[in-house]
Structure formats: structure tokens, C-alpha cells
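Overview (structure and organization)
Okay, here's what each chain looks like letter by letter:
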Amino acid sequence: MSIEKIRKAKEAIGRVILGKDEVVELLFVSIIADGHALLESVPGSGKTKLAKSFAKVMDGKFSRIQFTPDVLPSAPTMRTTLLLKPWEPNQWNN
């Protein structure tokens, strides 16, 4: 993917998603790094719209998984849980 294509895609998303430039930037970083992105926020903040827009400009497929607090591992305390891969060195013990 060329830098010019990424710039044009970010501009296209920016016309639909307003005020979320950092989130859009990080979404591109995660995909370019061959990773995944989990969009977490309060209802109505544009997560689905962002994902649909991103899929469209990247000629990708959009699918969505809906979670509620009662099915998340963080439900009892309502905190985000960090899961490290056991086969990777623990990045917190440097």
C-alpha cells in the first residue's frame, strides 16, 4: 500500500468521521503493522461508522461483533483486561 493511497484513504474517512484524526491514524497503523484493532468507546461515538468507512476505502469487508458488559471478561469490575501472548516476552519486565 503506497503512502499516497493511505493519505487519500485517511482524507476520505476524515470527510465522514469528524474530530477523530488520532483514532483514524492509529487504525491505519494497526492494519499496516498486520495487526488488529478493537474499537472501544461509549455508545454513539461513531465506532461502527468508522469501521464501515475504513472497510469501504480499503475495499474490505465489514463485519461487527456486538458485546455487552455482561459477556466481557471485565464485567465484574468494568475495567479493560490486557492479555499478553504467553509465547512472547513480557514487555513490562524490561
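As shown above, the structure is provided for reference.
Residues numbered from 1 in each chain as written. Predicted model: local features only at pLDDT ≥ 70, side-chain atom pairs only at ≥ 80, totals over all residues. Heavy atoms only, no water.

Our next topic: helix H2 (residues 21-32). Residues lying three or four places apart along an α-helix face the same way, a consequence of the helix completing one turn every 3.6 residues. If you check H2, its first and last C-alpha atoms are 16 Å apart, about what twelve residues at 1.5 Å a residue would give, namely 16 Å. By the burial criterion, the buried members of H2 are Val24, Leu27, Phe28 and Ser30. Taken end-on, H2 shows its buried residues confined to a sector of 160 degrees, consistent with a single buried face. Turned more than 90 degrees away from the buried face of H2, the exposed residues are Asp21, Glu22, Leu26 and Ile32. Lining the buried residues of H2 we find helix H1 (3-16) and helix H3 (47-57). Looking one or two residues beyond H2, the residue adopting positive phi is aspartate 34, at roughly 60 degrees. (Helix = DSSP H or I, 4+ residues; strand = E, 2+ residues; numbered from the N terminus. Expected span 1.5 Å × (residues − 1). Buried < 20%, exposed > 50% of the residue type's maximum accessible area, 1.4 Å probe, protein only. Arc of directions from axis to C-beta. Contact = heavy atoms within 4.5 Å.)

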